[in-house]
Amino acid sequence: FVDDERVEIDLLADRLERIAADAGEKAVVEIVAADDVPMEQVHAVHRALVAAGLSRVRYDGPHRQAIPLVLPPPAAAERIESLPAKLVIDVLIGGDGRVSVDGETVEMERFVSIVEGRLVGEGSGSVVRLRSAPDAPKGAFQDVLEALNEAGANRVFVDFLETPGD
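Once a new chain begins, its residue numbering starts again from 1 and follows that chain's sequence as written. It should be noted that, the model being predicted, local features are given only for residues of pLDDT at least 70 and side-chain atom pairs only at 80 or more, the latter also being counted only at that level, while totals for whole chains, interfaces and linings use all residues. Only hydrogens and water are set aside when side-chain values are computed; all heavy atoms of the structure are taken into account.

(A) Broad picture of the pairing of strand β1 (residues 28-32). Only protein chains enter the area calculation, which uses a 1.4 Å probe; residues under 20% of their type maximum are buried, those over 50% are exposed, and those in between are partly exposed. Secondary structure elements follow DSSP: runs of H or I of four or more residues count as helices, runs of E of two or more count as strands, with numbering from the N terminus. Alternating residues of β1 divide into Val29 and Ile31, all buried, and Val28, Glu30 and Val32, none buried. Two strands make a pair as long as DSSP finds a minimum of two bridges between them. Bridge analysis of β1 against strand β2 (residues 56-60) gives five bridges, and the strand direction is parallel. Bridge pairing links Val29 to Val57 in β2.

(B) The packing of helix α1 (residues 9-23) against helix α2 (residues 39-51), seen in detail. Between α1 and α2, the least distance of the axes is 8 Å, while the angle of their chain directions is 35 degrees. The hand of the α1/α2 crossing is right-handed. Of the residues in α2, those in contact with Ile9, Leu12, Ala13, Leu16 and Glu17 of α1 are Ala44, Val45, Ala48, Leu49 and Ala51. Residue composition of the contact of α1 with α2, by class: nine nonpolar, no polar and one charged. Every axis in this analysis is a line fitted to C-alpha atoms, fitted for helices over the stretch in contact. Angles between the N-to-C directions lie between 0 and 180 degrees. Rotating anticlockwise by less than a right angle from the far helix to the near helix defines a left-handed crossing, while the corresponding clockwise rotation defines a right-handed one. Every residue pair with non-hydrogen atoms within 4.5 Å of one another is taken to be in contact. Each residue gets one label: Ala, Val, Leu, Ile, Met, Phe, Trp, Tyr, Cys and Pro are nonpolar, Asp, Glu, Lys and Arg are charged, and the others, such as Gly, are polar.

(C) Seen up close, the environment of Ser55. Mapped onto the elements, Ser55 comes out in the loop between α2 and β2. Through-space distance from the C-alpha of Ser55 to that of Arg131 is 17 Å; in sequence the pair is 76 residues apart. Once residues lying within four places of it in the same chain are set aside, the contact partners of Ser55 are Leu69, Val70 and Leu71.

(D) Inspection of the sheet that holds β1 at higher detail. Pairing within the open sheet is mixed, and its three strands lie in the order β1-β2-β3. Of all the strands in the sheet, just β1 and β3 (67-70) have a single pairing partner and so form its edges. Each neighbouring strand pair of the sheet contributes to a mean axis angle of 30 degrees, computed without reference to strand direction. Contacting β1 and β2, α2 runs over the sheet at an angle of about 165 degrees to β1. Most of the contacts of helix α5 (residues 138-151) go to β2, to which it runs at about 110 degrees, and overall it touches β2 and β3.

(E) Quick peek at α1. By definition here, a helix of n residues has an expected span of 1.5 Å times n minus one. Counted at 1.5 Å a residue, the expected span for α1 with its 15 residues is 21 Å, and the 21 Å between its end C-alpha atoms agrees. Among all positions of α1, only Leu12, Arg15, Leu16 and Ala20 are buried. One side of α1 holds all its buried residues, which, seen down the axis, span an arc of 145 degrees. In α1, the exposed positions that point more than 90 degrees away from the buried face belong to Asp10, Arg18, Ala21 and Asp22. The elements touched by buried residues of α1 are α2. Count one or two residues on from α1 and you reach Gly24, which has phi positive near 85 degrees. Directions from the helix axis toward the C-beta atoms define the arc.

These figures capture arrangement, not role.
Structure follows, in structure tokens:
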């Protein structure tokens, strides 16, 4: 739905381009979805937004704070790849909602302290590359965004262009 009107996914980019033309690139798009919506659907919306020139989003949902985010342009992936490994914190949300940091599965109770630890010292200025399996629930994604915010991660790259494991 866009402005309470149902829009098929293949027509979404055109509709969003019209909105971008009217509202400008500073427009903020609120993404509202149930917690169990698979991330492949959310990422399809991400791709359509970026194609339309809309990169400012806010995720909203039941019982959560709204999380603002700027979706990265496709060229940002190359910049992330060129960074030294110690400056990239890889976070992956699996299809079961479990989270791993740099390949190690962690409990959400420890997630904030692990990320905080990586952001100090040599990790100062690190970028978090956040990926999710296509079947990962949107609720887990939003939980991770909130935890990253709590940890002080202000450079978060949401990698919605490729599927983990590709």
